[in-house]
Amino acid sequence: MEKDTANYKDFSLLSYHHIPGVHNIEVFERAGGYEMMKKCFGMEPDFIKEEVKASGLRGRGGAGFPTGVKWGFFSKDRSAQKYLLCNADESEPGTFKDRYLVEKNPHILIEGMIISAWALGTQKGYIYIRGEFYQQAMILEKALKEAYAKGYLGKNILGKGFDFDLYVHRGAGAYICGEETGMISSLEGKKGQPKLKPPFPAIKGYRGLPTMVNNVESLAAVPWIMRFGAAEYKKWGTEKSAGTKLFSISGDVNKPGVIEVPLGTSLKEIIEVHCGGMRNGNKLKAVVPGGSSAPVFNHDESYVVKMDYEDVAAKGSMLGSGAIIILDETRNIGDLMKWTLEFYHHESCGQCTPCREGTGWLESVFKRRDSGKASKSDIDLLDKTAASMRGQTICALADAAAMPAQGMIKSFRSELEAYIMTPTHTGKR
Amino acid sequence: MTEKVKLKWNGKDIEAVKGSNLLQAALDNGQEVAHYCYHAGLSIAGVCRMCMVEQDGVPRPFPACNATCGEGMVVRNDTPKIKAAVENTLQFHLLNHPLDCPVCDQAGECGLQDYYMKHGQYDSQMIDKKVHKEKVQDIGKNVMLDAERCILCSRCTRFTEEVTKTFELGILNRGDHAEITVNEELKNDYAQNLVDICPVGALTSKDFRFKQRVWFLEEVYTTCIGCETGCSVKVSQNKNGAYRVKPVFDETVNGHWMCDDGRQIYKHVSSPTRLQVASENMNGLFVPADELNIKEAVKGKKAKFILSTSLTNQEYERFFHEVGSKAEVALYTLPKLGADFDGILKRGDKNANLRGAEHAFKKAGKDSTPAALDKLLNSIGSSDVVYVVVPEILYNEDHFNTLLTKIEKASMRIALTPGETLSSMKVFNYLLPVPSFLEKEGDIVNFSGDIRKLNAGLSYGETTKDISYYGNWVNV
Amino acid sequence: MSSHSNTHVSHSQGAPFKFTAENLAKYEELLTRYDDVESALLPVLHLVQEQNRWLPIEAIEYVSELMKIPEISIKEVISFYDMFYDIPVARNMVHVCTNITCSMFGGREIYQGLLKHFDTDYLTPTRDGRISLQKMECLGACEMAPCMRINNDYVGPVDLVSAIHKLEELP
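Cut-offs used in this document
Residues numbered from 1 in each chain as written. Chains lettered and ligands numbered in written order. Predicted model: local features only at pLDDT ≥ 70, side-chain atom pairs only at ≥ 80, totals over all residues. Helix = DSSP H or I, 4+ residues; strand = E, 2+ residues; numbered from the N terminus. Buried ≥ 20, exposed ≤ 12 C-beta atoms within 10 Å, placed from the backbone. Contact = placed C-beta atoms within 7 Å. Pairing = 2+ DSSP bridges. Domains from an automatic or database assignment. Nonpolar A, V, L, I, M, F, W, Y, C, P; charged D, E, K, R; others polar. Axes fitted to C-alpha atoms, helices over the stretch in contact; angles between N-to-C directions. Parallel < 35°, antiparallel > 145°, perpendicular 65-115°, else oblique. Left-handed = near helix turned anticlockwise from the far one by under 90°. Expected span 1.5 Å × (residues − 1). Bend = angle between axes of the 7 residues up to and from the residue. pLDDT = per-residue confidence, 0-100. Arc of directions from axis to C-beta.

A. Broad picture of the overall build of chain B. What chain B contains, in helices and strands, is 11 helices and 22 strands. Principal-axis analysis of the C-alpha atoms gives chain B an extent of 85 × 50 × 35 Å. Here chain B holds 476 residues, and 48% of them are scored as buried. For chain B, the proportion of contacts with a sequence separation of at least 24, taken over those separated by at least 6, is 65%.

This is the structure:
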């Protein structure tokens, strides 16, 4: 591929990623960046919304809800005060795709957000980025400055009579702020606790006003979709899972990292072709296919699954954020369980009782071996407790803790039983 | 505006205002719905997850507290799915709760205990270490916090944010380390409401703590006489006396709340120094006296009455009926205290029934103004008997004592008091007990002209004789 | 991040806090980004930490007065987020990831090893005041597992030896 030309053929999101210095607006524009933004200002907002809807783009943050349908719930009154909020909180363990996207190419997100803002009629936007991504926030800040200097942001953009201000907002270390209403609470200067729904943010969100929250990857896909059209976008992927997707792959593979492949690509291909195969030639044992909240796949499931929303779900897990963690035969599922349960215990916001108490209890029960109180039936208790947390809370964190726990029990019960019955000498984490 | 809709709750037809809160509608219709975080006087938190319901046509259960009533809704909370969910959630509530009911003041009126008895799983699988939090914290304004008992329903934090807007309380930390925390200390004048709204024994009143088990008490529903607002209250009492005052929901006057000052209005009623029998001043010491002797002593003297502003309309009326034109009568009004209105409930005018008094005076052809009181005081001579009805709640004793210095000229000075014997009462020759607000029935008129009811609960000694009984002495 | 003790006494630094003239100007600029003052709280707390490293009661009082936000609301926020510190922390903040992928490659052992090497504990500054160590949940850099954040920069993969070496170089 040409080193200063976009590769739109193979990628929608990483089409500029091979271009050196593409974080600079001049380089990005030379390669075709912001062209679509300019063209879109000549289009009817409804046309853009229709095109995004027709593309079949689904929310890339984890839930996979069709972006165009979500946009359809948004207030249509262009004069009403509304917000566009980009979810760059990326905290689901195993996920690092948004970081990879924006640290190299912040402008693709900004272009996507300006087009989306025009389509949705929002006057102000924020990129909520997790606090740990300080350098990435700085990269975005600099890119925003460049875009302002070009007149792509601010008042009366390119003389079109459209105003859109866009800012970076840094989080401060709380997983739950990745949940869209938790993010809104956090943006409001409060604890990042999710809000009761209804009302939904599209109706009553940030500061009680209509707010559209979309993931980095979803928004960054918009310029490509507008450039080539929904029909072209749909050529990638499967019927219900259209387009390409970023996958963050880590663990026991030779080449961990971020890849962009069409949805529906087999996990086997991802591991063997894109990630250079298993580390040390070890045998694959299990895969967490969609971030830590996705139930684990065993060896056999991993080698037959296709990475699209439907097939992953059909096999009992979820595509989630596209974070794939590969575990080889040397790994113990007990450790995976422990780390996962500790994480959700640490991150429960503490509002809803089943989650606040349940996440802590799951961890306590699983760690009874530390105090010599474990019994095999604890696995049943874990399963039952996890089940009773599901569908009971304001947000999905309780489910996110319960699902992988139940998944591991389903696929690796005997290994977990052995694990909890092996005494430890330290109570330390 | 108040369009009614019909819905089905557990198969039973219920009626509710369209768009009103679904949980409240169920409760108003006598349905049993477990809930901890919902409180009709506060915003919706939806965090305790106890009021979950299923609705026909809605795929997932949701909390009734965050739903509104619509025509034809079919809702259930008695399905196996919901029952199991509520039991599990209760178990989660109890995981880190100390279950120290035997030493908890909330026992008997604890939401957790109530549901635990009904839905609890008695074979607790909780063998793990509980999260320890601070047990006994004095957070100011007579409120004690036990963070371990707290179930983090957030009613108290919402109260200080939404009702008093004083922001003393917050919930710090995440997850099961979350804990109610006070910033410095409670400073608002409504802090005792926190004790009322706490569904468990996390916030208790220092005043009531360990004094009495609630099942030994009965409630008298009456009106607060602490100021001219006239909040609806209930007084918890038994044969040994009154123990506490709590607000009663009253849409027109006080909503769900009352101020802390109002909580104190019962204290004189069963005080050890409460005047219970007619007493005579023997060189500064009051000793029981024979009423007949007092009656003899006032015979032939010119009677002058100074009434208080917290008597009932009926008391004023009966009094004027007895006295007729045979005595001079004036009204002592309590001085203003603090702001006219604090924006919530509390008013600076502490005269609980000034309006009723003024009306009765007018009807009797008497002058209730301060000028008339001055005139009466100035006219006091040695052949007079002056009766002073002691105000039931004396916020400013000095002001009252100044009044007392002005009656010294009278050869006979008698106090009619519904309360305690104060040191300043040495100016009187005799003290006669009259009923306190808890020992009589009748009406008072509050700041907005609304009639408010007083109801009788306790009765002490001779306190059934009210001012009209003594007023009748003018006829001797 | 609360210190996980059961008492919530905010810590004093024994001296008043106020923004430098430069940071006060930054504060004013921050306010222009939002449609209400409250929304600027997180960025403002970040700014306080840039100047003061941590958030003593004096800073909480200052921010409360400046932004007209109740102190308790600020304390709630500080306690909720892992990157806000209500106890004194060192010149250099080191985050060690102990989530799934990093733990697979020894993240937890590195964290424990660093605590031992520098003879310190969670967040407690080393005796020379140079380093505070904080175990963190997934830092979002699993391709470089096990990874760390040294101040604002990601490093990884590291092992205990290279981690110690990097930290010893810190000023």
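The structure having been displayed, the exposition proceeds.
B. Region of the structure containing the overall build of chain C. Helices and strands together make up the secondary structure of chain C, namely 7 helices and 4 strands. In terms of overall dimensions, chain C has a C-alpha envelope of 45 × 35 × 30 Å along the principal axes. Evaluated residue by residue, chain C yields a buried proportion of 48% over its 171 residues.

C. Representation of the pairing of strand 22 (residues 451-454) of chain B in the model. Residues and elements named next belong to chain B. A one-sided burial pattern is seen for strand 22, the buried positions being R452 and L454 and the unburied ones I451 and K453. Here 4 bridges tie strand 21 (residues 442-445) to strand 22, and the two strands are oriented antiparallel to one another. Of the residues in strand 22, the one forming a bridge with G442 is L454. With antiparallel pairing between neighbouring strands as the criterion, strand 21 and strand 22 make up a hairpin whose turn holds 5 residues, including G449 at a positive phi of roughly 90°.

D. Representation of the interface of chain C and chain A in the model. Taken together, the 33 residues of chain C in the interface contact 42 residues of chain A. Contributions of two or more residues to the side of chain C that touches chain A are made by helix 2 (41-52), helix 4 (71-80) and helix 5 (100-104) of chain C.

E. Representation of the domain arrangement of chain B in the model. What the domain assignment lists for chain B is domain 1 (4-91), domain 2 (130-216) and domain 3 (279-475). Taking only C-alpha atoms into account, the centre of domain 2 of chain B sits 40 Å from that of domain 3 of chain B.

F. View of the pairing of strand 12 (residues 232-238) of chain B. Residue and element names in this part refer to chain B. Examined bridge by bridge, strand 11 (residues 218-223) and strand 12 share 6 bridges and lie antiparallel to one another. Residue pairing across strands places E219 opposite S236, the latter belonging to strand 12. Strand direction decides the pairing type here: strand 12 and strand 13 (residues 241-247), joined by 6 bridges, are antiparallel. Bridge pairing in strand 13 links V235 to V245.

G. Here's a closer look at the sheet that holds strand 3 (residues 52-55) of chain B. Here 5 strands make up an open sheet; going across it, the order is 2-1-5-3-4 (chain B) and the pairing mixed. A strand with exactly one partner marks an edge of an open sheet, and here the two such strands are strand 2 (12-17) and strand 4 (62-63) of chain B.

H. Structural view of the environment of N254 of chain A. Residue and element names in this part refer to chain A. Along the chain, the position of N254 falls in the loop between strand 5 (244-251) and strand 6 (257-262). Measuring from C-alpha to C-alpha, the distance between N254 and I271 comes to 8.9 Å, with 17 residues separating the pair along the chain. The contact partners of N254, leaving out residues within four places of it in the chain, are C275, G276, G277 and R279.

I. Geometry of the interface of chain B and chain C. Listed by partner, the interface residues are 14 residues for chain B and 13 residues for chain C. Looking at which element gives the most residues to the side of chain B that touches chain C, the answer is strand 8 (residues 169-172) of chain B, with 4 residues. Residue composition of the side of chain B that touches chain C, grouped by class: 4 nonpolar, 6 polar and 4 charged.

J. Quick look at the sheet that holds strand 6 (residues 137-138) of chain B. All names here are of chain B. Read across the open sheet, the 3 strands follow the order 6-7-10; overall the sheet is antiparallel. In this open sheet, the two edge strands, each paired with only one partner strand, are strand 6 and strand 10 (203-205). Judged from the 2 bridges that link them, strand 6 and strand 7 (residues 143-145) form a sheet pairing that is antiparallel. Of the residues in strand 7, the one forming a bridge with D138 is M144.

K. Looking closely at the domain arrangement of chain C. The domains assigned to chain C are domain 1 (1-88) and domain 2 (92-168). Once you take the C-alpha centre of each, domain 1 of chain C and domain 2 of chain C turn out to be 25 Å apart.

L. Broad picture of the packing of helix 6 (residues 106-120) of chain A against helix 7 (residues 134-149) of chain A. All names here are of chain A. Packing of helix 6 against helix 7 leaves a shortest axis separation of 9 Å and a crossing angle of 55°. Relative to helix 7, the element helix 6 is oriented oblique. Helix-helix and strand crossings are classified by hand; for helix 6 and helix 7 the assignment is right-handed. Contacts between helix 6 and helix 7 involve P106, H107 and I110 from the first element and I139, L140, A143, L144 and A147 from the second. Within the contact of helix 6 with helix 7, the residues separate by chemical class into 7 nonpolar, 1 polar and no charged.

M. Expanded view of helix 17 (residues 397-420) of chain A. Taking 1.5 Å of rise per residue, 24 residues should cover 34 Å, yet helix 17 of chain A covers just 24 Å from first to last C-alpha, more than 12% shy of that figure. Residue F412 of chain A marks the point of greatest curvature in helix 17 of chain A, where the axis turns by about 100°.

N. Spotlight on the environment of M43 of chain A. Relative to the helices and strands, M43 of chain A is located in the loop between helix 2 (35-40) and helix 3 (45-55). It is 47 Å that separates the C-alpha atoms of M43 of chain A and D252 of chain A, two residues lying 209 residues apart in sequence.

O. The confidence of the model for chain C, seen in detail. Residues and elements named next belong to chain C. Per-residue confidence for chain C gives a mean pLDDT of 95; residues scoring 70 or more make up 95%. For residues 3-7, every residue scores under 50 in pLDDT, and the model assigns this stretch 7 contacts once sequence neighbours within four places are set aside. Both scores are available for the predicted complex, with the pTM at 0.94 and the ipTM at 0.96.

P. Local environment of helix 11 (residues 267-274) of chain A. Residue and element names in this part refer to chain A. Those residues of helix 11 lying buried are L267, I270 and I271. All buried residues of helix 11 fall inside an arc of 90° around its axis, so they share one side. Structurally, helix 11 contributes buried residues whose contacts are with strand 5, strand 6, strand 7 (284-288), helix 12 (299-304) and strand 9 (323-328). Of the residues trailing helix 11, G276 is marked for its positive phi of about 70°.

Q. Just the packing of helix 15 (residues 353-366) of chain A against helix 2 (residues 80-95) of chain B, in detail. Between helix 15 of chain A and helix 2 of chain B, the least distance of the axes is 9 Å, while the angle of their chain directions is 65°. Two packed elements cross with a definite hand, and for helix 15 of chain A against helix 2 of chain B that hand is left-handed. Between helix 15 of chain A, through T353, P354, E357, G358 and W361 of chain A, and helix 2 of chain B, the contact on the second element is made entirely by T89, F92, H93 and L95 of chain B. Of the residues belonging to the contact of helix 15 of chain A with helix 2 of chain B, the class tally is 4 nonpolar, 4 polar and 1 charged.

R. Here's a closer look at unusual backbone geometry. Residue P146 of chain C follows A145 of chain C across a cis peptide bond; omega there is -5°. Along the polypeptide, P146 of chain C turns up in the loop between strand 2 (131-136) and strand 3 (148-150). The omega angle of the peptide bond from G156 of chain C to P157 of chain C is 0°, so this bond is cis rather than trans. In this structure, N142 of chain B takes a positive phi of about 65° despite not being glycine. Counting through the fold element by element, N142 of chain B comes out in the loop between strand 6 and strand 7. If you check the backbone angles, N151 of chain C has positive phi at about 55° while not being a glycine.

S. Examining the environment of K304 of chain B more closely. Residue and element names in this part refer to chain B. Tracing the backbone through its elements, the reader meets K304 in strand 16 (residues 302-307). On a C-alpha basis, the gap between K304 and L376 in space is 7.6 Å, while along the polypeptide they are 72 residues apart. Those residues within four positions of K304 in sequence are excluded, and the remaining contacts are A327, E328, L376, I380, D384 and V386.

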